[in-house]
Amino acid sequence: MILSLSLAAAGGGGPTAAAAPYHAPRTAEGTPDFEGIWSNLSYTLLERPKRYKTLIATEAQVAWALARRDALIDGRKPPPDPDAPPKPPPKPGDADPDPDDVGQATSEFPDRNVDFLRIYGQARTSLIVDPADGKLPYTPAGRKLADAADEADQHDFANPESRMPDERCLTASGGTTGPPMLNSTQNANYQILQTRGEIAILSETMHDLRIVHMGARHPAVGTHPWMGDSVGWWEGETLVIETVDQNPHDGPRFLPGGVFYLSPAAKVTERLTRISPTQIHYEFTVEDPEVYKWPWRAETMLNAAKGPIYEFACHEGNYAFPDILAGARATEKAAKAEPPKVGAQP
């Protein structure tokens, strides 16, 4: 990445393409200062949706996608997709292609004022930049793990422990806590604090705190902590964070459109570079040979936010979990009460 590109292209004014690379202010220890509240709020997904053929979206595509979102929020009919082939007129009785599922169009949709991820002014269609198709390069075994997690999420309601960590308020939904820190359309805020030996990253979602041990080594014996074990070091202006020893219960992260899976053997390498007073360029590489055919890379932006970080009270007034388990018990009771089928063996 060329850091001397115009910051004006990113919408914030600043140096021209010929200007020297930006140098972040320094902490008392002389390292780049990343302290503050940052947000990776954006409408762009980790994987590229099928409708986009390239990494960069046209402004017409952006306008249509955001207009469609706003129409769904308002309960209006979405505008036609200009890139879609002509469709035959609907027949009487055809299902609504955009149903209001449990009131989501009016009460449960994410924040409205969210744009596509923009890097140097260009709207991105996916966080993934390598491979070029913007898709997770699952191995057959990795795809099987992701599909099994999705199946369990849809059908396994036997015990609290069988539900996903985000549903149990243990980790953030959609992988926003990290690593890697995936973007979201709501509560996408982080607070960074730096000391000589550690860097702390507080996620607003699920109020999780990740500690990066600077200049340290990973423990010889893994303990599988939530969010893995993170060590960091500086490479000039860039903070590098390497995380291993992933918690096996946090393998699947459920995202719009699919499952992002990490095995306990995965290594996530994050690189954060402050490129202006208001932006940190954030990229990460995932290496997980059991799950992915090759290492893959993604990037996004952290933008300065006014804050503050708010409390994320996941379980206050949360009646869903006992209701889910009560439904499972009722299903089991009904199954035991069913009479045996004709011809069935005793």
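Located above this text is the structure these notes cover.
So, here's what we can say about the structure.

Comments concerning the overall build of the protein chain
Turning to step 1, where the next piece is worked out: In terms of regular secondary structure, the protein chain is built from 4 helices and 14 strands.
Turning to step 2, where the next piece is worked out: With 346 residues in all, the protein chain has 42% of them scored as buried.
Turning to step 3, where the next piece is worked out: Carbon and sulfur atoms provide 57% of the accessible area of the protein chain, an area that totals close to 18,800 Å².

A word on the pattern of salt bridges
Any two side chains of opposite charge can pair if their charged atoms end up close together.
Turning to step 1, where the next piece is worked out: Summed over the entire model, instances satisfying the criterion amount to 15 salt bridges.
Turning to step 2, where the next piece is worked out: With its nearest N and O atoms 2.5 Å apart, the salt bridge here joins Asp81 to Arg51. Pair noted here: Asp81 is in the loop between α1 (59-74) and α2 (104-108) and Arg51 is in the loop between β1 (36-39) and α1, with a separation of 30 residues, a long-range link.
Turning to step 3, where the next piece is worked out: A residue is classified by how much of its surface remains accessible, and Asp81, at 23% relative accessible area, is partly exposed.
Turning to step 4, where the next piece is worked out: Put simply, Glu167 and Arg163 hold a salt bridge, and the shortest N to O gap is 2.9 Å.
Turning to step 5, where the next piece is worked out: Given a relative accessible area of 25%, Glu167 falls into the partly exposed group.
Turning to step 6, where the next piece is worked out: In the salt-bridge network here, residues are joined through shared partners; they are Glu59, Asp115 and Arg118.

Section: the packing of aromatic side chains
Turning to step 1, where the next piece is worked out: This model, assessed by the stated rule, comprises 8 aromatic pairs.
Turning to step 2, where the next piece is worked out: Measuring from centroid to centroid gives 5.8 Å for Phe284 and Trp296, while their planes differ by 75 degrees, and the two rings are edge-to-face. Pair noted here: Phe284 is in strand β13 (residues 279-287) and Trp296 is in strand β14 (residues 296-304), with a separation of 12 residues, a long-range link. In this pair, the class of Phe284 matches that of Trp296, namely buried.
Turning to step 3, where the next piece is worked out: Summarising the aromatic geometry, the rings of Tyr292 and Trp296 are spaced 5.7 Å apart at their centres and angled 70 degrees between planes, so their arrangement reads as edge-to-face.
Turning to step 4, where the next piece is worked out: Take Tyr292: its relative accessible area is 2%, and that puts it in the buried class.
Turning to step 5, where the next piece is worked out: Put simply, the rings of Tyr138, Phe260, Tyr282, Phe284, Tyr292 and Trp296 pair up and form one aromatic cluster.
Turning to step 6, where the next piece is worked out: Sitting over the ring of Tyr43, Arg69 keeps its end group 5.3 Å from the ring centre.

A word on unusual backbone geometry
Turning to step 1, where the next piece is worked out: Cis geometry marks the peptide bond from Gly178 to Pro179; its omega dihedral reads -5 degrees.
Turning to step 2, where the next piece is worked out: Mapped onto the elements, Pro179 comes out in the loop between α3 (140-155) and β5 (189-194).
Turning to step 3, where the next piece is worked out: The step from Gly307 to Pro308 runs through a cis peptide bond, and the omega angle for that step is 5 degrees.
Turning to step 4, where the next piece is worked out: Within the secondary structure, Pro308 sits in the loop between β14 and α4 (320-337).
Turning to step 5, where the next piece is worked out: With phi around 50 degrees, Asn187 is a residue other than glycine that occupies positive phi space.
Turning to step 6, where the next piece is worked out: In this structure, Asn187 sits in the loop between α3 and β5.
Turning to step 7, where the next piece is worked out: Look at Asn187 and you get partly exposed, because its relative accessible area is 31%.

Thoughts on the pairing of strand β6 (residues 198-203)
Turning to step 1, where the next piece is worked out: In this structure, β5 lies alongside β6, joined through 5 bridges in antiparallel fashion. Residue pairing for β6: Ile192 is matched across the bridge by Ile201.
Turning to step 2, where the next piece is worked out: Linking β5 to β6, which pair antiparallel, is a turn of 3 residues.
Turning to step 3, where the next piece is worked out: The sheet contact formed by β6 and strand β7 (residues 209-214) spans 5 bridges and is antiparallel. Bridge pairing in β7 links Glu198 to His213.
Turning to step 4, where the next piece is worked out: Following β6, the chain reverses through 5 residues before pairing antiparallel with β7; Met206 in that reversal takes a positive phi of roughly 65 degrees.

Examining the nonpolar core
Turning to step 1, where the next piece is worked out: Counting residues in hydrophobic clusters, the biggest one holds 43 residues, and the most contacted among them are Leu46, Phe260, Leu272, Tyr292 and Trp296.
Turning to step 2, where the next piece is worked out: With residues near it in sequence (within four places) discarded, Phe260 still touches Leu46, Leu136, Tyr138, Pro180, Leu182, Gly251, Pro252, Arg253, Leu255, Val286, Tyr292 and Trp296.

Digging into the pairing of β14
Turning to step 1, where the next piece is worked out: Where β1 meets β14, 2 bridges bridge the pair, whose relative direction is antiparallel. Across the sheet, the residue bridging to Ser39 is Asn303, located in β14.
Turning to step 2, where the next piece is worked out: Sheet topology note: the β13/β14 ladder contains 8 bridges and is antiparallel. Within β14, the position partnered with Tyr282 by the bridge is Thr300.

Things to note about the environment of Ile119
Turning to step 1, where the next piece is worked out: Topologically, Ile119 is positioned in strand β2 (residues 118-119).
Turning to step 2, where the next piece is worked out: Taking relative accessible area as the criterion, Ile119 reaches 3% and is therefore assigned buried.
Turning to step 3, where the next piece is worked out: When residues no more than four places from it in sequence are discounted, the contact partners of Ile119 are Arg124, Glu299, Thr300 and Met301.

Points about the side chain of Thr44
Turning to step 1, where the next piece is worked out: Note on placement: Thr44 falls in the loop between β1 and α1.
Turning to step 2, where the next piece is worked out: Its relative accessible area of 4% is what places Thr44 among the buried residues.
Turning to step 3, where the next piece is worked out: Of note is the side chain of Thr44, whose polar atom sits 3.0 Å from the backbone oxygen of Arg124.
Turning to step 4, where the next piece is worked out: Sequence-distant contacts of Thr44, that is, excluding residues within four places in its chain, are made with Phe116, Leu117, Arg124, Thr125, Ser126, Leu127 and Asn183.

The rules behind the values
- Residues numbered from 1 in each chain as written.
- Predicted model: local features only at pLDDT ≥ 70, side-chain atom pairs only at ≥ 80, totals over all residues.
- Heavy atoms only, no water.
- Helix = DSSP H or I, 4+ residues; strand = E, 2+ residues; numbered from the N terminus.
- Buried < 20%, exposed > 50% of the residue type's maximum accessible area, 1.4 Å probe, protein only.
- Areas by Shrake-Rupley, 256 points an atom, 1.4 Å probe, with all protein chains shown as cover.
- Salt bridge = Lys/Arg side-chain N within 4 Å of Asp/Glu carboxyl O.
- Phe/Tyr/Trp six-rings, centres within 6.5 Å; stacked < 30°, edge-to-face > 60°.
- Lys NZ or Arg CZ within 6 Å of the ring centre and 35° of its normal.
- Pairing = 2+ DSSP bridges.
- Core = buried A, V, L, I, M, F, W, Y, C linked by side-chain atoms within 4.5 Å.
- Contact = heavy atoms within 4.5 Å.
- Polar contact = N/O pair within 3.5 Å; in protein donor to acceptor, adjacent residues only side chain to side chain.

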